Amino acid sequence: MSPLIEVTKKDVVSETWEEPFYLNMGPQHPSTHGVLRIVLHLEGETIVDCDPIVGYLHRGVEKLGENLNYNQAIILSDRLDYIASVANNTAFALAFEKIFNLKVPRRAQLLRTIVCEMARICNHLLWLATHALDIGAMTVFLYCFRDREWLLNVFEKICGARLTHSYVRVGGVRLDFTSEIIDELYKFTEEFPNRILDYETLIDVNRIWLKRTKGIAVVSAEEAINLGLTGPCLRGSGVPYDVRKFRPYDAYEEVSFIVPTGKNGDTYDRYRVRMEELRQANSIIRQCLDKLPETEGQPVVADNAPDLLIPEKRKSAVALPHPKKGYFFKAKEEDVVPPGEAFASIESPKGELAVYVVSDGSNKPWRLRIRTPSFVHISAIPDLTRGHLIADLVAIIGTLDVVLGDSDR
Amino acid sequence: MEELLQELQEKFSTVILTVETAKKDLPTLICKREGFLEFIKYLKEEKGFDYLIDLCGVDYLNYKYKNFEERFEVVYHLYSIPNKHFLRIKVRISESDCWQYSVTPLYKTANWFERECYDMFGIRFKGHPDLRRVLMPPDWEGYPLRKDYPLFLEPEKDWEPYKELVEKYQKERGS
Amino acid sequence: MEWSSWYSIIFNFILMVIACLVVAGIGLLHVAYLTYAERKIIARMQQRLGPNRVGPRGLLQPFADMIKLLGKEDLTPSGVDKPIFWTAPLISLVCAGTGLALIPLWSKFVLSNINVGLLFILALSALSSYGVILSGWGSNSRYAFLGGLRASAQVISYEIAMSLSLLSVVLMAGSLNLQDIVKAQLNTPYKIYIIPQIVAFVVFIISAIAECNRTPFDLPECENELVAGYFVEYAAMKFSIFYLAEYFGMIVMSALAVTCFLGGWAGPFEIPYVPFFWFLVKLYLLLFFYIWVRATLPRYRYDQLMGLGWKVLIPVALANLFVTAVFKLIL
């Protein structure tokens, strides 16, 4: 039981003691982004303390992953952060490729980079939409959804799914881009910067928006690192930590982009960082698209990539000396997958998404650990909200960009 | 990086059991539980390992290539943002003495990671300010990510609070 | 008394009832189509279609909504304070709707031409906060409670700013009777008070939005923080009464602004046979403004809202009142 709730049971017979005012926010609440539940201890409208309670969407993905084979586990990853599922696919695939010792073909790397940045744009658009809606600006919501719809349609052309893509597989990607998709993406990248200007004119110079976001939930650089905030939340505090730059994966070494950072570490700076990231993502997609013709016709999956259904056992014949007939063959069980452990992390749109896999040689991972940004960000909510008002709590949940599927796994 | 590892090995020879670098994606240190807190504190304060990426438990019950006795491992992934150093630290914990020192006072991130580790493996963390379950309900029995935890529960075993709720409701209805 | 005087009393009474019914009916129709207009206009601003299924261009949508709300089960949660819970919506509706009787729609048409009309409307809008507070209290829900608290604080502080801004109008007109205020406006060289009293008009519009609990001041019912604020526990008919009251409040406040600042029924030229024409045009423009604001602006925070009320609007309105009084003395 939460220690916050236990306080109410205390029978204090003092005249000055007042019963604390508790407010149970969630799990069904319009602005907790899913099934996040927060028990608030209020004094008037000020939050004295709060206790986020997660687990309402716990599906046991880690346990499930230990009982499915590697390629099946990637499909589970779609269900984590269902807004940018390609990013999760990539994180899983990168970790598994380290286990399998695979080298991904260059074209597949470029395609992965493109879809990851597309997912970033999708995610940030949805974030902007819901964040603005939480603060009360309704129109931005629909403008963002209009553009997100465009990208989702492109995703549908790429892999047939709009949200749960499963586009990335161990050793590459499932399908190559058609010329139609490339044309559509060129059109999108041409148009999208103007759309960003649209959103900015709607809220950037709005006095109420500035009042609601400036100076809210200020995190210093050291505290942000200590709290484990990653992604735009960390960069808003001025730390230029970005996995794409610090430990590059896929084709991020080839493309040039800048990592935007904020100064004050408040909600407004995080908003600015994300808006800038939208532009950067757009330019990354553009650069990768320009590089695609060089790799025309190359395979998109590594040659030695495992089949989609990895066999449970593999047996090979071993010749042993026979006491009478010279020698005989004996079946020996071999490892399907090299044993060992691997750690891979990517810069998912929400923050650092890390996967730690331990393999025991069978076709299933022995341990599949997923470090998701939302889980860490939710754990930081009490430290960020103390002393703020209820209205700010809503803005803070929005600015941390949490998805409960990502947090609860 | 190698200098750092060497220095660490010399300075904390009682804590660090082995250092594995070959065939690994990251330099891996296997540590003893005793003296672990000082070691981590040194890493954080002197060597700039300011960012705890991940903390998780692993259950090695009946693992094929196991070369140690203890059942559990707690794995820390530490990163130093200023120096770009990456370390994996493992602490092995036996089932009968199932606890580990908490690093929450050093890294606030570890708070929920340790709660999750306790939730899933039953490893207690000494010095944790608020150790209770995170993802599973507070009255859940067993530790789901342990290898001996059954994949399917008996269907007739209802969740206790739900049963109570139904009974209470039926009683209210009856009266 | 003679029979003829009895007849005239009865005749007048029947006439009055008919006039009341007509105004109430027209008011209800306006409320219904205000919701439709709001949905359609906001949809247009947000690049979507809005209601378009019921009737041509969705014109029957308000009636469909009404039938749906009436047909729903009228739930009363078990923990509520029942008498308060039931009366609160009625208080809201009566206080919001009665104001319509005092507005002079035309020089010859006003339901109740009393000498303290302005004061009466202000009193009514202050009373309507009781509906909100009582529903928040009686619901026995924490969200509703917080919404009720916010509403009471907000309505009280914005009431002051609104009264002060209207007081300068009263100073200029020299009367509290709404009809006299309009006539006094027509006698000034500007014809409408918005020109000399532009500051008071801005203060009035901002506080009117706050009085009606509309975005960006919709804190008592703000969906994203308090789910629905004070009427979170209400359903079906009781909920729709709150809804009705909110839109009635909007119409009354806009009509008051038209009367006090925009010259009431008067227009640049006469439209034959449609005496209400200019009044309605001005009213619709103001209502459109309300809707436009809702589509554009984010929501204020509670303390910022109070700060705006006490630190900006009330001093500005006071200064404006002072300047008006000085001018009145000099001229």
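Since we're looking at a predicted model, the values are computed, not measured.

Caption draft 1: Quick peek at the overall build of chain A. Counting its regular elements, chain A contains 16 helices and 10 strands. Along the longest, intermediate and shortest principal axes, the C-alpha atoms of chain A span 100 × 60 × 35 Å. When each of the 409 residues of chain A is scored for burial, the buried share is 63%. A separation threshold of at least 6 residues defines the contact pool for chain A, and within that pool the share at least 24 residues apart is 69%. When the accessible surface of chain A is summed, it comes to about 14800 Å², and 54% of that surface belongs to carbon and sulfur atoms. Charged side chains in chain A number 49 positive and 56 negative. The centres of these two groups are separated by 6 Å.

Caption draft 2: Main features of the side chain of A:R148. Residue and element names in this part refer to chain A. With respect to the secondary-structure elements, R148 resides in helix 6 (residues 138-159). Buried charge R148 goes without a salt bridge, the closest partner of opposite sign being E149 at 6.0 Å. For R148, the contacting residues outside a window of four places in its chain are C122, L125, L126 and L163.

Caption draft 3: Spatial organisation of the packing of helix 7 (residues 179-203) of chain A against helix 12 (residues 267-291) of chain A. Residue and element names in this part refer to chain A. With their axes 10 Å apart at the nearest point, helix 7 and helix 12 run at an angle of 165 degrees to one another. By the angle class used here, helix 7 and helix 12 are roughly antiparallel. Both helix 7 and helix 12 take part in a crossing whose hand is left-handed. Residues that form the contact of helix 7 with helix 12 fall into these classes: 15 nonpolar, 2 polar and 6 charged.

Caption draft 4: Representation of the interface of chain B and chain A. Taken together, the contact pairs 49 residues of chain B with 47 residues of chain A. Summing both partners gives a buried area of about 4000 Å² for chain B against chain A, and 58% of it is carried by carbon and sulfur. On the chain B side of the contact with chain A, B:K108, B:W112 and B:L135 bury the most area, a combined 17% of that side's loss. Between chain B and chain A we count 8 salt bridges in total. The closest approach of N and O atoms between A:D51 and B:R132, which form a salt bridge, is 3.1 Å. The tally of links from chain B across to chain A stands at 19 residue pairs in polar contact (both at pLDDT 80 or more). Mapped by element, the contributors of at least two residues to the side of chain B that touches chain A are strand 3 (51-59), strand 4 (72-80), strand 5 (85-93) and helix 3 (110-121) of chain B. Counted by class, the side of chain B that touches chain A contains 28 nonpolar, 5 polar and 16 charged residues.

Caption draft 5: Looking closely at the interface of chain C and chain A. Residue-level contacts link 27 residues of chain C with 33 residues of chain A. Carbon and sulfur atoms supply 57% of the area buried between chain C and chain A, which totals about 2800 Å² over both sides. The interface formed by chain C and chain A includes 1 salt bridge. Close ionic contact of A:D392 with C:R301 constitutes a salt bridge, the shortest N to O distance being 3.1 Å.

Caption draft 6: Representation of empty space enclosed by the protein within the structure. Residues and elements named next belong to chain C. In total, this model carries 4 cavities of 30 Å³ or more according to the counting rule given. Approximately 300 Å³ is the volume attributed to the largest cavity. Lining the largest cavity are 21 residues, and of these A96, S128, E211, A245 and G249 lie nearest its centre. Of the residues belonging to the lining of the largest cavity, the class tally is 12 nonpolar, 7 polar and 2 charged.

Caption draft 7: Highlighting the arrangement of the chains. Most contacts, among the 2 pairs of chains that meet, fall between chains A and B. What separates chain B from chain C at the closest point of their C-alpha atoms is a distance of 13 Å, and the two make no contact.

Caption draft 8: Spotlight on the domain arrangement of chain C. Residue and element names in this part refer to chain C. Taken as a whole, chain C is organised into domain 1 (1-71) and domain 2 (80-330). Placing a centre on the C-alpha atoms of domain 1 and another on those of domain 2 gives a separation of 20 Å. Contacts between the two partners involve 17 residues from domain 1 and, on the opposite side, 22 residues from domain 2. Taken together, both faces of the contact between domain 1 and domain 2 bury some 1800 Å²; the carbon and sulfur share is 86%. The three residues of domain 1 that bury the most area against domain 2 are L34, E38 and L69, which together make up 31% of that side's buried surface. The interface formed by domain 1 and domain 2 holds 1 salt bridge in total. The interface formed by domain 1 and domain 2 holds 3 residue pairs in polar contact (both at pLDDT 80 or more) in total. Among the elements of the structure, helix 1 (3-45) and helix 2 (61-71) are those that each provide at least two residues to the side of domain 1 that touches domain 2. Element by element, the count of residues in the side of domain 1 that touches domain 2 is highest for helix 1, at 15 residues. Here the residues of the side of domain 1 that touches domain 2 are counted per class, giving 13 nonpolar, 3 polar and 1 charged.

Caption draft 9: Region of interest: the pairing of strand 3 of chain B. Residues and elements named next belong to chain B. Taken across its 9 residues, strand 3 has 9 buried, putting it largely inside the fold. Where strand 3 and strand 4 come together, 8 bridges link them in antiparallel fashion. The residue of strand 4 that forms the bridge with V58 is E73.

Caption draft 10: Broad picture of the sheet that holds strand 5 of chain B. All names here are of chain B. Strand order in the open sheet formed by 5 strands is 1-2-5-4-3, with mixed pairing between adjacent strands. Each edge of the open sheet carries a strand with a single partner, namely strand 1 (16-20) and strand 3. Strand-to-strand twist of the sheet, defined as the mean angle between neighbouring strand axes without regard to direction, takes the value 20 degrees. Alignment of strand 2 (residues 28-31) against strand 5, held across 4 bridges, turns out to be parallel. Within strand 5, the position partnered with T28 by the bridge is R88. Packing of helix 1 (residues 2-11) onto the sheet brings it into contact with strand 1, strand 2 and strand 5, and relative to strand 1 it is tilted by some 165 degrees.

Caption draft 11: Here's a closer look at unusual backbone geometry. Of note, the phi angle at A:D401 is positive, near 60 degrees, even though the residue is not glycine. Considering the arrangement of structural elements, one finds A:D401 in the loop between helix 15 (390-400) and helix 16 (404-408).

Caption draft 12: A look at the nonpolar core. Counting residues in each nonpolar core, the largest one holds 186 residues, and the members touching the most others are A:F96 and A:F177. For this core, the leading source of residues is helix 5 (residues 106-135) of chain A, giving 16 residues. Ignoring anything within four residues of it in the chain, the contact list for A:F177 reads A:R107, A:L111, A:I114, A:V115, A:I158, A:Y167, A:I182, A:L185 and A:L292. Residues C:I121, C:I181, C:F204 and C:L305 belong to the second largest nonpolar core, which totals 68 residues.

Caption draft 13: Spatial organisation of the pattern of salt bridges. Applying the stated criterion to the full structure yields 54 salt bridges over all chains. The residue A:R107 makes a salt bridge to A:D176 at a minimum N-O spacing of 3.0 Å. Within this pair, whereas A:R107 is found in helix 5, its partner A:D176 is found in the loop between strand 5 (172-173) and helix 7, the two being separated by 69 residues in sequence. The class for A:R107 is buried, based on a relative accessible area of 1%. Taking relative accessible area as the criterion, A:D176 reaches 30% and is therefore assigned partly exposed. Within the structure, one salt-bridge network assembled from shared partners comprises A:E62, A:E66, A:R367, A:R369, A:R409, B:D54, B:E116 and B:K147.

Caption draft 14: Looking closely at the side chain of A:S166. All names here are of chain A. Here S166 shows up in the loop between helix 6 and strand 4 (168-169). Judged by relative accessible area, S166 falls into the buried class, the value being 11%. Within the structure, the side chain of S166 is placed 2.3 Å from the side chain of D78, a separation counted as a polar contact. Once residues lying within four places of it in the same chain are set aside, the contact partners of S166 are I75, D78, N89 and R174.

Caption draft 15: Summary view of a nonpolar patch on the surface. There is a patch of nonpolar side chains on the surface, built from C:W3, C:W6, C:Y7, C:I9, C:I10, C:F13, C:I14, C:V17, C:I18, C:L21, C:V22 and C:I26 and spanning about 1300 Å² of accessible area. A residue is classified by how much of its surface remains accessible, and C:I10, at 44% relative accessible area, is partly exposed.

Caption draft 16: Here's a closer look at the environment of A:T90. All names here are of chain A. Of note, T90 is situated in helix 4 (residues 85-100). Residues T90 and L404, 314 residues apart in the sequence, show an inter-C-alpha distance of 20 Å. Among all residues touching T90, those that are not within four sequence positions of it are R112, C116, V168 and D250. Within the structure, the side chain of T90 is placed 2.8 Å from the backbone oxygen of V86, a separation counted as a polar contact.

The rules we used
Along each chain, residue indices are assigned from 1 in the same order as the chain's sequence is written. A letter from A marks each chain and a number from 1 marks each ligand, given out in the order of writing. The model is predicted, so local features are restricted to residues of pLDDT at least 70 and side-chain atom pairs to those at 80 or more, both for listing and for counting; the totals for chains, interfaces and linings are taken over all residues. As a rule here, side-chain values come from all non-hydrogen atoms in the structure, and water together with hydrogens is ignored. Under the scheme used here, helices are H or I runs from DSSP no shorter than 4 residues and strands are E runs no shorter than 2 residues, and both carry numbers assigned from the N terminus. To sort residues, take the accessible area from a 1.4 Å probe on protein chains only and compare it with the maximum for the residue type: under 20% means buried, over 50% means exposed, and anything in between is partly exposed. Pairs of residues are marked as contacts when any of their non-hydrogen atoms sit within 4.5 Å. Here the open area of atoms and residues is found with the Shrake-Rupley method and a 1.4 Å probe, where only the protein chains shown may cover a residue. Residues scored as positive are Lys and Arg, those scored as negative are Asp and Glu, and His as well as the terminal groups of each chain are ignored. Lys charges are placed at NZ, Arg charges at CZ, Asp charges at CG and Glu charges at CD. For this document, the term salt bridge refers to a Lys or Arg side-chain nitrogen within 4 Å of an Asp or Glu carboxyl oxygen. Working convention: axes come from line fits to C-alpha atoms, limited for helices to the stretch in contact. Angles between N-to-C directions cover 0 to 180 degrees. Note on angle classes: values under 35 degrees are labelled roughly parallel, values over 145 roughly antiparallel, values of 65 to 115 roughly perpendicular, and the remainder oblique. Whether a crossing is left-handed or right-handed is set by the direction in which the near helix is turned from the far one by less than a right angle, anticlockwise for left-handed and clockwise for right-handed. Just so you know the grouping, Ala, Val, Leu, Ile, Met, Phe, Trp, Tyr, Cys and Pro go in nonpolar, Asp, Glu, Lys and Arg go in charged, and all remaining residues, Gly too, go in polar. A quick way to say it: buried area is the sum, across both parts, of accessible area lost when two parts are put together, with a 1.4 Å probe. Here a polar contact is taken to be a pair of N or O atoms separated by no more than 3.5 Å, where protein atoms must pair a possible hydrogen donor with a possible acceptor and residues adjacent in sequence count only if both atoms sit in side chains. Here the term cavity refers to a set of points on a 1 Å grid, laid over the protein atoms alone, in which a 1.4 Å probe fits but cannot get out; the term pocket refers to an open set having protein on both sides within 12 Å along at least five of seven lines, with lining residues being those that place an atom within 4 Å of a point. Grid points are joined across faces, edges and corners, and a volume is the space filled by probe spheres set on the points. Domain ranges listed in this record stem from an automatic or a database domain assignment. Two strands pair if DSSP finds at least two bridges between them. We define the nonpolar core as a collection of buried residues of types Ala, Val, Leu, Ile, Met, Phe, Trp, Tyr and Cys that are connected through side-chain atoms lying within 4.5 Å of one another. Two distance rules govern patches: like charges are joined within 9 Å, and nonpolar side chains (Val, Leu, Ile, Met, Phe, Trp, Tyr) within 5 Å, applied only to residues with over 30% relative accessible area and no salt bridge.

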